Structures are given as structure tokens and as C-alpha cells.
Protein chains: 2
Amino acid sequence: MDPPTSAAHRSPDDEAAAFFRAAPPLRDRDAVAASHCSFRVRAAGAGAGGGGGPPAVAGVVCVTSGGTTVPLEQRCVRYIDNFSSGQRGAASTEYFLKAGYAVVFVHRRGSKQPFCRFLPEDSFLDLFELGQGSEIQVPESHTTVVKAAISSYRKAIDEGLLLKLPFTTIFEYLQLLQLVSTAMNCLEHHGMFYCAAAVSDFYVPWESMAKHKIQSAGGPLNMQLNQVPKMLFILRNHWAPSAFCVSFKLETDPDILIQKAEAALRKYGMNVVVANELANYKDVVVMVTSTGKTTVSRRSKEDDLEEQLIGLLVKMHSDHAKQSNPDQET
Amino acid sequence: MDPPTSAAHRSPDDEAAAFFRAAPPLRDRDAVAASHCSFRVRAAGAGAGGGGGPPAVAGVVCVTSGGTTVPLEQRCVRYIDNFSSGQRGAASTEYFLKAGYAVVFVHRRGSKQPFCRFLPEDSFLDLFELGQGSEIQVPESHTTVVKAAISSYRKAIDEGLLLKLPFTTIFEYLQLLQLVSTAMNCLEHHGMFYCAAAVSDFYVPWESMAKHKIQSAGGPLNMQLNQVPKMLFILRNHWAPSAFCVSFKLETDPDILIQKAEAALRKYGMNVVVANELANYKDVVVMVTSTGKTTVSRRSKEDDLEEQLIGLLVKMHSDHAKQSNPDQET
């Protein structure tokens, strides 16, 4: 723990420490840690040079997905939320698994899940019917996709290649990120972070939060929100400094998007910043790195942009791991 | 449309009119209206005295469910949300259907759905597996409940007794409520409103909203939010004045709960206000009416509180309809 500082401008480390000191404790912290331990991080063995034991995986990636909430009351009725369906993170998880990665899927409760993206918007029951022998049936148009989904999902879970950790608030999200990244630090260059979650920029510190539901009889509501410390900086510098780090920058204004992505690349020392616009994030993204920019466009409405994006990132991550382990280059 | 008023304290009618004038138009308004027309509101015939045509239903209820969001930006990345899983509305819809009602289920996208409440938190795929002949199977422990859910849901949809209308923002919610309640006004006393949605008290008027994502580089964020007009008053007085109206009051502080429920009963002319506390809303509620208070408690962990609650409300609604149609009393 850092000592308290009286300076008006605290360092990122001090800000992060202050945030965690004041955050409500993570529920089920021990259960999360235990599930994480039992997750068979095969790359730990594989990354260290293979040998006996379970078959190697290409790497381990922590995918963060969905938006974080900022409670406005301690016994929370109201909160500020960030738009994110979790579509990007869920699709990317599928392609990372396909590429041979083990995935820690840190996701917003209720957001899109891997292998479930084809589901009807509201009720999964729209997809099922009972046959004459009261057996469960899926309309023929959907049989192939539903069966493939069940099969791929079961395989990932049964082989221990997919660990799902849910969050709701910004407090839960950042505590989970710290827990997972410090645990993955031992993977060194074989670890990857793919931070697609839409993380709140502003929050109300827990100790200054209203205890009960804010009453509406008092007229208009005035709120002051503080900035959330930039934890990517801490992840990069302390929690898992050797990992391959990919973050996302979402804007609605195309005129400032690339410059903001480049600034994030420099400021937080990311390997890649994926820049996307709210209006067309499913169709096109720009990968910004220290050596240049690469535009990735969806080939057709039937394809996922994430298939190409993950293909490129897996290649870059492999180069990143080789550069730091020259023995393994051939 | 009301003329603009320069008075500092506008009437509820003026406030409501101003809210709708400034709201972004409801997407798919025509499609919603069409689906509502094709919904076989059988009680329209049945309530008017039966006769030929389709079999009678006990009544038509509009159940609202889930929380509304308040966008903070026009191209929305951030919004304020109200806590509500939609559990109450989804369970109540099931019991209204069981009691012979037709239900218009006005719900938050992604909230709990009728007959789906038993689902695993995150992935419906946790419930399914492929058999040896690659047929879709459910673990034996869940077979009965899944098959019953598919069967009940199919029946409700196929018989035209369940119409599902989704919303996300406070603007969409209130426009849908207006659309449904003015359409249900013809049912007179046979219509019921069961307003379980957690509706935002504060909002940012559309015209004063930031167009693009608010930038975090500017330091702390200050926001001023206006009060949302109390539309229950308008529903009661203009949209569907003869309907049986049930609203909900949720508080975290038990000391003010009942007095706030009684105030809502008087202020908006509700028939029933259901008072519940965030800490135990699944276990106990208090039904507040002009003649007294009734506490409803869950019998056991296996039972739904909503079963008893809907039973009592259906009885009260039936009395309400009889009082206004004395011919039908015997």
C-alpha cells in the first residue's frame, strides 16, 4: 500500500491505491481466486517450454467485455452505465478459443456470451418447441447453429479452456482485473490482455455516496463525479508488465478517434489500440501500433470482423513471445 | 398539444406534453401499433358482455417490467439506469396468464422474461447438451421445468395472449405506455395496469443533451438532471381513466416506505400501491389501498410471492369491474 499523499496531483499509482482502499470488497473473492486456480492454465506449462503434462495451448488471453456500472447509491437503485452489448468480447472469445487459446472471459453480467450470439433478443424460448413425443426441438432453420453452439461451448468448458468471471460495477471490474492480471503475470510474454470492456471514466467514491435511494421530491439532482484512475497504466507497469496488451478506444466523433487512440498507445504503453466508432464498430476498426495503422474491414454481412482481428493479433502476440524467448524462434 | 407555458410551476399535463414534444421519436412506432392491433384483445369482446367470437379472457393487463435508462449523450455511450432485474414483472406475467388474462408485457430489453426465470445466470447453453445421436438434451434434473416452460410459452404466444413490447430508455418507455394505455382505454374497467417497471425519476432533456461522448480529459463531471413528469397521473386522468391501476413503490429505507406508498396512492389516484423494500422484495410486500394495508409474505423459498399477489389483485380487479357493470354482478 502506498502512503497517503497530500499533493493535489497524485501519481497514477497513488490514485489506483486510493481507489482500491475505498472500494467495497469484492464478493466471493475467495471463490473467484479458487476458480481461477482450478482453471487449467495450460500455457503456463506450454509457454515455459512444453514438456510433459497436458497438451499445449497457444497462449492465455484475458478478454474483458461489456460495460461497467457506477453506483450512485450504496444500497444501489440507480447507477450510471456504459453502452456495450458485449458483442465484441463474446465473438472474440470464440475466435481466440478456435485459435487454440485458453480464455479468461471477464464479462458484465447479462452481456452477450460466447456461442450465444445468434439467440433471439429476448427469450431463448423463441428458439425451442416440443415435438410430438414432447422431445425438445429447434426449428430446422436453426438446428445446425444451435447444435454447433452447444457442442463448441461444452468442449471449451469441459476441457477447462474457458473461465467465465462476471462483474457489474466498476469496483468489481477493476478488482477482478487486478486479480486475474497478477495471477497471469507468471505467463510472462505468453499472456495477453484484450480489454474490450467499456470502462466508466467517472465514478462516485464509495465513501461519499448516498446511503439510501436519492429522493426525487427535492427537485433537480446535481451530481459531481470523479475520474476513474487509468488502470491500464497500472496493469502495464505493475500487474503484468510482460504481457501483450490490446485496448480499445470507442468514440462517436470520427474526427478525434485516431488521435485519441494514438495518445492511449503512448500513455499506457499498449501494444495495440483498436480504434472504433459507435456508428460502425461491427464493420470496421483501425489497429493502431507504434509502427503504424492497419484498417480491418468486415468482408460481408455473414462474416465477423473479429475473425480477422483475432487472426492478426494472434500473429502479433506470437511474434511478441518469440522476441522475448529467442530460443524458441525456430 | 398544450400551448407552451411561461409559468415556473407547470401543471402535470403541461409537463407531460413538454416531455413528449422534446423526446426523440419512438423507433418502429408503426410496427408497435400494428402488433398491438393484431394482438387479440379478447376481453374487448368478452368485457362488453361476451357473445360470439373467441372465448373470453378474464381481462387484459399491461405489465411493465425492468428499469428505464436515461441517456447522457444523444449518440449514447453513457446512461443512468435504475436497478431492476425484471423478476417481478416476469413472474407476475406468468400468473396473470394462468389466471386467464391476456398480457401486454412492456419490458426492458434484456430483462427477465416470463417462463425463463429458472435459466442459469449467464449462458442458456449451460442447460443443454448433445446426446449420442446429436439430439438436443437437457440434464434430467431440469427436463420437467424446461419442457413446461417451452409448452406454456408456446401456448401463450400461439393463442395471442402475450404481446411483448421492449424498451430501453425512459423516452421509449413513456411513449409505449401512452400508446398501450390509450389503446386499452376502450376496455374500460376490464383493463388493468400493473406498473412494476423501475422508472427513472430524473432525466436530461433531449435538446440539452451532449451530442457526442463526454470527454474525460476535462476533469470531474458535473451534471444537472431534471425531474421526469409523473405520468401515472396522466395515465389515470387521461389515457385510461376507468382501468384498475396498480403501481409499485420501492425504497431502501423502511422508515419512509409506507408513507411514500400512501402518498402515491392519493397523489396519482391508484387503486393499489404495492410497497416493497430492496432488501426483501422477493419475500414480503405491503398492498396499500384506500381502505387499508395488506401484507403479503412468501410461503416458502419454493413459492413465488407473485402467485398470492396476483391472486388478490385479480379478485380486486373483478370487484372493480362488477361495481361499474352491476348487470354482470350475478
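So, a few notes on the structure that sits alongside this text. These numbers come from a predicted model, not from an experiment.

Overview of the sheet that holds strand E7 (residues 162-167) of chain B
Residues and elements named next belong to chain B.
- With mixed pairing, the eight strands of this open sheet are ordered in space as E7-E4-E1-E8-E11-E12-E13-E14. Edge positions in the sheet fall to E7 and strand E14 (292-297), since each of these pairs with one other strand and no more. Neighbour-to-neighbour, the strand axes of this sheet turn through a mean angle of 15°, independent of strand direction.
- Two elements, strand E1 (residues 59-65) and strand E8 (residues 191-195), share five bridges in a ladder whose sense is parallel. Looking at the pairing, Cys-62 lines up with Phe-193 of E8.
- Docked against the sheet, helix H4 (residues 87-98) engages E1, strand E4 (101-108), E7, E8, strand E11 (244-251), strand E12 (272-277) and strand E13 (284-289), running at close to 170° with respect to E4.

What to know about the packing of aromatic side chains
Residues and elements named next belong to chain A.
- One pass over the full model with this rule turns up 19 aromatic pairs over all chains.
- When the centroid spacing of 5.7 Å and the interplanar angle of 85° are considered together, the rings of Phe-19 and Phe-20 count as edge-to-face. Across the pair, Phe-20 and Phe-19 agree in class, each one buried.
- Consider the rings of Tyr-194 and Phe-248, whose centres lie 5.0 Å apart with planes at 75°: the pair is edge-to-face.

Section: the nonpolar core
- Formed by 192 residues in total, the largest nonpolar core has its most connected members in Phe96(A), Tyr194(A), Phe96(B) and Tyr194(B).
- Apart from the residues lying within four places of it in its own chain, the contact partners of Tyr194(A) are Val61(A), Cys62(A), Val63(A), Thr64(A), Arg88(A), Ser92(A), Phe96(A), Val246(A), Phe248(A), Leu309(A), Ile310(A) and Leu313(A).

Points about the sheet that holds strand E12 (residues 272-277) of chain A
Residue and element names in this part refer to chain A.
- Within the open sheet, the eight strands sit side by side as E7-E4-E1-E8-E11-E12-E13-E14. Their pairing is mixed. Only two strands of the sheet have a single partner each, and these edge strands are strand E7 (162-167) and strand E14 (292-297). Each neighbouring strand pair of the sheet contributes to a mean axis angle of 15°, computed without reference to strand direction.
- Along the sheet face, helix H4 (residues 87-98) touches strand E1 (59-65), strand E4 (101-108), E7, strand E8 (191-195), strand E11 (244-251), E12 and strand E13 (284-289) and points at about 170° away from the line of E4.
- Along the sheet, helix H9 (residues 305-324) contacts E4, E8, E11, E12, E13 and E14; its crossing angle with E13, the most-contacted strand, is approximately 15°.

Considerations on the relation of the copies chain A and chain B
- Each copy superposes on the other: chain A lies on chain B with an RMSD of 0.0 Å after a rotation of 180° and an axial shift of 0.0 Å. Taken together, the rotation and translation relating the two chain copies correspond to the operation of a two-fold axis. Minimal C-alpha separation from the rotation axis in chain A is found for Ile80(A), amounting to 2.0 Å.
- Here 98% of the interface residues in chain A have copies in chain B that are interface residues too; the copies meet face to matching face.

Here's the deal with unusual backbone geometry
Residue and element names in this part refer to chain B.
- Unlike most non-glycine residues, Ser-134 shows phi in positive territory, near 55°.
- Along the polypeptide, Ser-134 turns up in the loop between strand E5 (129-130) and strand E6 (136-137).
- A residue is classified by how much of its surface remains accessible, and Ser-134, at 33% relative accessible area, is partly exposed.
- The phi dihedral of Glu-188 falls on the positive side, at around 50°, and the residue is not glycine.
- Along the chain, the position of Glu-188 falls in the loop between helix H6 (170-184) and E8.

Quick word on the environment of Gln215(A)
- With respect to the helices, strands and loops of the structure, Gln215(A) is situated in the loop between strand E9 (202-203) and strand E10 (221-227).
- Remark: the alpha-carbon pair of Gln215(A) and Arg117(A), spanning 98 residues in sequence, is separated by 39 Å.
- Setting aside residues no more than four positions away along its own chain, Gln215(A) makes contact with Phe202(B), Glu251(B), Ile256(B) and Lys260(B).

Some points on the side chain of Thr68(B)
All names here are of chain B.
- As for its placement among the helices and strands, Thr-68 is situated in the loop between E1 and strand E2 (69-71).
- In this structure Thr-68 comes out as buried when scored by relative accessible area, which is 0%.
- At a separation of 2.6 Å, a polar atom in the side chain of Thr-68 contacts the side chain of Ser-200.
- Ignoring sequence-local partners within four residues, the contact set of Thr-68 consists of Ile-80, Asp-81, Asn-82, Arg-108, Phe-167, Thr-168, Thr-169, Ile-170, Tyr-173, Ala-198, Val-199 and Ser-200.

Parameters at a glance
- Throughout, a residue's number is its position along its own chain's written sequence, starting from 1.
- Chain labels run from A onward and ligand labels from 1 onward, assigned in the order the entries are written.
- pLDDT decides what is reported in this predicted model: residues at 70 or higher carry local features, side-chain atom pairs at 80 or more are listed and counted, and totals for whole chains, interfaces and linings draw on all residues regardless.
- Values shown for side chains rest on all heavy atoms present in the structure; no hydrogens or waters enter the calculation.
- Only strands joined by at least two bridges in the DSSP assignment are considered to pair.
- Only runs of H or I of at least four residues qualify as helices and only runs of E of at least two qualify as strands under DSSP, and these elements are numbered from the N terminus.
- For helices, the axis comes from a line fit to the C-alpha atoms of the stretch in contact; other axes are also lines fit to C-alpha atoms, and the angle between any two N-to-C directions lies between 0 and 180 degrees.
- Any two residues having at least one pair of non-hydrogen atoms within 4.5 Å are treated as being in contact.
- Pairing of aromatic rings covers Phe, Tyr and Trp, the last through its six-membered ring, and needs centres within 6.5 Å; plane angles under 30 degrees mean stacked, over 60 mean edge-to-face, and all others mean tilted.
- Think of it in three bands: residues with accessible area under 20% of the maximum for their type are buried, residues over 50% are exposed, and the middle band is partly exposed, with areas taken using a 1.4 Å probe on protein chains only.
- The set of buried Ala, Val, Leu, Ile, Met, Phe, Trp, Tyr and Cys residues whose side-chain atoms join them within 4.5 Å is what this entry labels a nonpolar core.
- When the copies are superposed, the least-squares fit takes in the C-alpha atoms of residues with a pLDDT of at least 70 in both.
- Two N or O atoms count as a polar contact when they lie within 3.5 Å, although within protein this holds only if one can serve as hydrogen donor and the other as acceptor, and sequence-adjacent residues are included solely when both atoms are side-chain atoms.

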